[in-house]
Amino acid sequence: MAKETMQAISNAEQKARETVLNAKEEAHRLEAEAQAQGQQAVQAAVKEAGKKAGVLCGVARADAEKLGARVKEETQAQQERLRRSAEESRGRVVEEIRKIVLGKT
């Protein structure tokens, strides 16, 4: 009976060692798998962020072009208003200069 008990204990210890060894191997496998999945997730996130950045750059570029075109139009309109105003004032200015030069009041 003692021999059988010792053998049973030995078998139980062997099974326990094998179970621990299997658990460690499984843990290492799961860790490696998780690392690989993590790297894939990071790569996918970087790729997606690059795509979104490209889209945002395109939108910003389009907005800048629209703003530039609007500012150009507004500047041209302002210049035209100033030209017209100068043209309209030219006659009065010439008349005032004549008065000053000729001494007429």
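Preceding block: the structure.
Residues numbered from 1 in each chain as written. Predicted model: local features only at pLDDT ≥ 70, side-chain atom pairs only at ≥ 80, totals over all residues. Heavy atoms only, no water.

Caption draft 1: Spatial organisation of the overall build of the chain. Counting its secondary structure elements, the chain contains one helix and zero strands. Against the compact-globule benchmark of 13 Å for 105 residues, the chain has a radius of gyration of 44 Å, which places it well outside the compact range. If one aligns the C-alpha atoms of the chain with their principal axes, the spans along those axes are about 145 × 20 × 15 Å. Within the span of the chain, comprising 105 residues, buried residues form 0% of the whole. Working note: accessible area of the chain is about 9,500 Å², and carbon and sulfur atoms make up 59% of it. Taking the 20 positively charged and 17 negatively charged side chains of the chain as two groups, their mean positions are separated by 10 Å. (Helix = DSSP H or I, 4+ residues; strand = E, 2+ residues; numbered from the N terminus. Rg over C-alpha atoms; globule rule 2.2 N^0.38 Å. Buried < 20%, exposed > 50% of the residue type's maximum accessible area, 1.4 Å probe, protein only. Areas by Shrake-Rupley, 256 points an atom, 1.4 Å probe, with all protein chains shown as cover. Lys, Arg positive; Asp, Glu negative; His and termini not counted. Charge placed at Lys NZ, Arg CZ, Asp CG, Glu CD.)

Caption draft 2: A nonpolar patch on the surface, seen in detail. Taken together, the side chains of V93, I97, V101 and L102 make up a nonpolar region of the molecular surface, amounting to roughly 400 Å² of accessible area. Mapped onto the fold, V93 is located in helix α1 (residues 2-102). Using a relative accessible area of 45% as the deciding quantity, one classes V93 as partly exposed. (Patch = residues over 30% accessible without salt bridge, like charges linked within 9 Å, V, L, I, M, F, W, Y side chains within 5 Å. Salt bridge = Lys/Arg side-chain N within 4 Å of Asp/Glu carboxyl O.)

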